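Inside the fold
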Amino acid sequence: MTGDQITQPYAVEGRGLVKTFGDFRAVDGIDIAVPAGSIFGVLGPNGAGKTTLLRMLLGIIDPDGGERTLLGETEPLKMARQVGYLPEERGLYPSMKAAEAIAFMGALRGLPLREGRARARELLAGHGLEASADKPIRSLSKGMAQTVQLLGTIVHQPRLIVLDEPFSGLDAINQGKLEALIRREAEAGVTVLFSTHVIAHAERLCERIAIVAGGRIRFEGSVSTARDRLRPQVRLETRASDGPWRSALPPDARVDGNIWQFALPDGGIEPLLKALVDGEAGIESLSIERPGLHDAFVAIAGESAAREMGKAEAGEAQG
Ligand SMILES: Nc1ncnc2c1ncn2[C@@H]1O[C@H](COP(=O)(O)OP(=O)(O)OP(=O)(O)O)[C@@H](O)[C@H]1O
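About the criteria used
- Residues numbered from 1 in each chain as written.
- Predicted model: local features only at pLDDT ≥ 70, side-chain atom pairs only at ≥ 80, totals over all residues.
- UniProt positions renumbered as here; feature names shortened; annotations may be inferred.
- Helix = DSSP H or I, 4+ residues; strand = E, 2+ residues; numbered from the N terminus.
- Expected span 1.5 Å × (residues − 1).
- Buried ≥ 20, exposed ≤ 12 C-beta atoms within 10 Å, placed from the backbone.
- Arc of directions from axis to C-beta.
- Contact = placed C-beta atoms within 7 Å.
- Domains from an automatic or database assignment.
- Near = placed C-beta within 6 Å.
- Nonpolar A, V, L, I, M, F, W, Y, C, P; charged D, E, K, R; others polar.

Naming follows an unreviewed UniProt entry, where the protein chain appears as ATP-binding cassette domain-containing protein of Sphingobium phenoxybenzoativorans. Taken verbatim from the UniProt record of the protein chain, the Sequence similarities (unreviewed entry) comment is "Belongs to the ABC transporter superfamily."

A rise of 1.5 Å per residue sets the reference length of helix α5 (residues 172-187), with its 16 residues, at 22 Å; its end C-alpha atoms lie 23 Å apart and thus fit the reference within 8%. Of all the residues in α5, the buried ones are Leu178, Leu181 and Ile182. Down the axis of α5, the buried side of the element spans an arc of 100°, and every buried residue falls inside it. With respect to the buried face of α5, the exposed residues turned more than 90 degrees away are Ala172, Ile173, Gly176, Ala180, Arg184 and Glu187. Considering only its buried residues, α5 is in contact with β3 (39-43), α4 (142-154), β7 (191-196) and α6 (199-205).

A word on the domain arrangement of the protein chain. Entries for the protein chain in the domain assignment read domain 1 (10-227) and domain 2 (233-289). Each of domain 1 and domain 2 has a C-alpha centre, and the two are 47 Å apart.

Time to look at the site of the ligand. Neighbouring residues of the ligand: Phe21, Ala26, Gly44, Asn46, Gly47, Ala48, Gly49, Lys50, Thr51, Thr52, Glu88 and Glu165. Here the shell around the ligand gets three residues from one element, more than from any other, and that element is helix α1 (residues 50-58). In terms of residue class, the shell around the ligand is made up of three nonpolar, six polar and three charged.

For Gln157, which is not a glycine, the phi torsion comes out positive at approximately 50°. The residue Gln157 is located in the loop between α4 and β6 (160-164) in this model. Despite not being glycine, Glu280 has its phi angle at roughly 55°, a positive value. Inspection of the secondary structure assignment puts Glu280 in the loop between α8 (270-278) and β13 (283-289). Residue Glu280 is classed as exposed on the basis of its 12 C-beta neighbours within 10 Å.

Below you can see the structure in the form of structure tokens.
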């Protein structure tokens, strides 16, 4: 097949994407660019528009406005055989055997069945599921069935993998295995685009993220750049509770006994340290912590979006 080589810097691009259902704008003018070979996370609460965005990028639904390019092709479905897609709605034929289900999913994307069957067994063995290869899906646990579906998503060795909420419904062990699989695929040069409402997955895995809320992109860039939106936080404990050194602390420092908390000043920590030492404040403890992606998310998308993310995660843990 011609055009197999990735020559474009982005595996997926969307510009000005809009999707309206009735008079509701689920996606409200989104620009997104996923670098080829990267792990890219679309992060946002339920109903933010993530699924709609992914479906438009893949060509499953058409946008009402805007343009998209998938592996260099402006008609995304033309690249379907080079894409692996795990939809949010999971499901395999319950009576199909695990290896057969994987081969079947490969066949839907153009992989000859014989090859698919052989690869299915290799993949199952690689995930500790060789004993389940000839068992019907209905006899597998939910997590195992989800792993089988995931293996079916990658069996035809796609150049781009798109996973819609892939961590949902998996226990911590299977979530860890999925993270490892995503990393392995990316190391082999595959582009991985996934959606999630769990900030920790995006923070651990992604080179770049897009934060989506209310159908709009609130941030797109590296995890590190998102975290840099907030100043590092200082926690200082002094032996003395008063002295001239106090004027060196930022005026908005919060105080509890002899513990002071404040954002790292523009000039850095050194001028303050000097004042503390010269003033004999006595430094009991000092820490400077860079905010995590969760705090950055709150700053970027707002408290209510962050609460929605937390609620979805808690609901899932219960369910
Ligand atoms: N086919 C549809 N018809 C009507 N409304 C829709 C349709 N698909 C999505 N929506 C609405 O568009 C909004 C965005 O949905 P979408 O599924 O894209 O969000 P999401 O971020 O993926 O969240 P979730 O994880 O809950 O699916 C939601 O309010 C949803 O109810």
